[in-house]
Amino acid sequence: MSQNSSTDEGSDFLSPESGITNRLFSRFGLTQTIWRRVLRSLLLVLVTWVPLVVLASFSGQASGHTVAVSLLRDPEVNCRFLVALPLLSLVEVFVLTSLAIQVRQFLTSGILADAEKARFEAIRQQVRRWHQAVGTEVALMVLSLVLSLVLSLVLRRFVFTDAASSWERKSNVISPAGWWHLLVSLPILYFFLMRALLMFFLWGWFLFRTSRLELRLTPTHPDRAGGLGFLGWGLASFGPTVLAFSAVVSAGFAYEIYHRGESLQSLKYHLIIYVLLITAVIHLPVLTLLGQLTRTRLRGLLEFTNLAWKHDRSFDEKWIHQPQSKNSEKILGSSDVLSLASMATGYEHINNMRVVPFDARAASIIALAAVVPLLPLIGTEIPFPEIIARLGEFLI
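My aim in this report is to walk through the structure given alongside it, one point at a time. (Residues numbered from 1 in each chain as written. Predicted model: local features only at pLDDT ≥ 70, side-chain atom pairs only at ≥ 80, totals over all residues. Heavy atoms only, no water.)

**Remarks on the overall build of the chain**
Within the chain, the secondary structure is distributed over 15 helices and two strands. Burial statistics for the chain: of 396 residues in total, 45% are counted as buried. When contacts within the chain are restricted to residue pairs at least 6 apart in sequence, those whose partners lie at least 24 apart make up 81%. When the accessible surface of the chain is totalled, it reaches about 20800 Å², and 66% of it is carbon and sulfur. (Helix = DSSP H or I, 4+ residues; strand = E, 2+ residues; numbered from the N terminus. Buried < 20%, exposed > 50% of the residue type's maximum accessible area, 1.4 Å probe, protein only. Contact = heavy atoms within 4.5 Å. Areas by Shrake-Rupley, 256 points an atom, 1.4 Å probe, with all protein chains shown as cover.)

Structure representation (structure tokens):
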């Protein structure tokens, strides 16, 4: 297999049109352009959220006070299907495009030894088969339905027994809207959530297998990651997915505050831990390269130390131990002095090499994506008009 053909294949690492659901969407022309994907997201809202409003309206539970928590006053369900689900549907193609670019970088940068390209392609094909397998998607569908049943029936019946009456159930009797939520809306949401998790897991597995190959890493590379710096900034592509997950989490916290008597003050440590945890979890795939980068850094330090010793020895013999009368060259402006400084800079560069492909800007994007959906919770403590007024005072 030639390098060009491998590069072409690397551009289609995980196909955005693989799987039963994507093929179905593709048949109806809902995958070709970004606007058609927006239309697909609206279709998901039409299937998951609109029927809930219609059915709850028939039961008089969409608004008003017939139940403690009416549908339109439930921040959790509205945020799930009006924000998180459409976002998960939209951002999938962006994540897959970023992963394809990173796979192609392995092939075009020269990091892979020629003898390892066949094994690299085998790893790529294995991950691709897992992603495209019909069985994988069927398993996700079944798991989504089971998860919905367990969380809605078992846990709420035997764990959350003090839950207030809501549009979903009243006196342990599930409403028509509740059944639609249980059997249709929630499984669809869980399916997209788990498909995003599957994509993240497959990327981690791909990097783990790749880390076992012979990679031609250079400790002096300007990215301070041996040439793998692109994996660090590539993590930023998971930012929109984190945004969707955080929207679900934020809505859950809002429900606790509005309907279960919690406060933002009592939940602040939960929020901080969540942001730190999700930022750390997103970096787990690149940790698989810790061993390769650590060995590259250590080898670079040892080899450069030997080179620096030879260079400094020659410098000492020429400029320090040799009498100036025998040295016709003047030290002022000599290139030898500049090379001495360059050697020190080179050693410092290797010494500062990261053993994990970390990018501060990408980490900031992930953390920001985790925080932004949580900001509306401030409105539970301070009214939004007061927040806007205070911001206006700072601007004036």
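**Here we look at the side chain of Glu-116**
Positionally, Glu-116 belongs in the loop between α5 (75–108) and α6 (117–132). Discounting residues that sit within four places of it in the chain, Glu-116 has contacts with Leu-213 and Glu-214.

**Here we look at helix α11 (residues 264–282)**
With 19 residues, α11 should cover 27 Å at 1.5 Å per step; its first-to-last C-alpha distance of 26 Å lies within 8% of that length. Along α11, the sharpest change in direction is near 25 degrees and occurs at His-270. All buried positions along α11 are accounted for by Leu-264, Leu-267, Leu-271, Tyr-274, Val-275, Ile-278, Thr-279 and Ile-282. Lining the buried residues of α11 we find α8 (176–210), α10 (239–259) and α14 (360–371). (Expected span 1.5 Å × (residues − 1). Bend = angle between axes of the 7 residues up to and from the residue.)

**Comments concerning a nonpolar patch on the surface**
Where nonpolar side chains cluster on the molecular surface, the patch consists of Val-134, Val-138, Val-142, Val-146, Leu-147, Val-150, Leu-151, Leu-153 and Val-154 and spans about 610 Å² of accessible area. Among the secondary structure elements, Val-134 is positioned in helix α7 (residues 134–158). (Patch = residues over 30% accessible without salt bridge, like charges linked within 9 Å, V, L, I, M, F, W, Y side chains within 5 Å. Salt bridge = Lys/Arg side-chain N within 4 Å of Asp/Glu carboxyl O.)

**Structural notes on the pattern of salt bridges**
In the structure shown here, the tally under the stated rule is eight salt bridges. When the shortest N-O distance is used, the salt bridge between Glu-303 and Arg-299 registers 4.0 Å. Residue Glu-303 and its partner Arg-299 are both found in helix α12 (residues 290–321); the two are separated by four residues, about one turn of the helix. One network of salt bridges, with partners in common, ties together Glu-92, Glu-137 and Arg-195.

**Structural notes on unusual backbone geometry**
With a phi angle near 60 degrees, Arg-224 is a residue other than glycine that sits in the positive phi range. Here Arg-224 lies in the loop between α8 and α9 (229–234).

**So, the nonpolar core**
Counting 75 residues, the largest nonpolar core has Phe-106, Trp-203, Phe-206, Leu-228, Leu-231 and Phe-238 as its most contacted members. For this core, the element with the highest residue contribution is α8, accounting for 16 residues. Among residues more than four places away in sequence, those in contact with Phe-238 are Val-95, Leu-99, Phe-200, Trp-203, Ile-282 and Ile-366. (Core = buried A, V, L, I, M, F, W, Y, C linked by side-chain atoms within 4.5 Å.)

Function-wise, these values are silent; they only describe arrangement.
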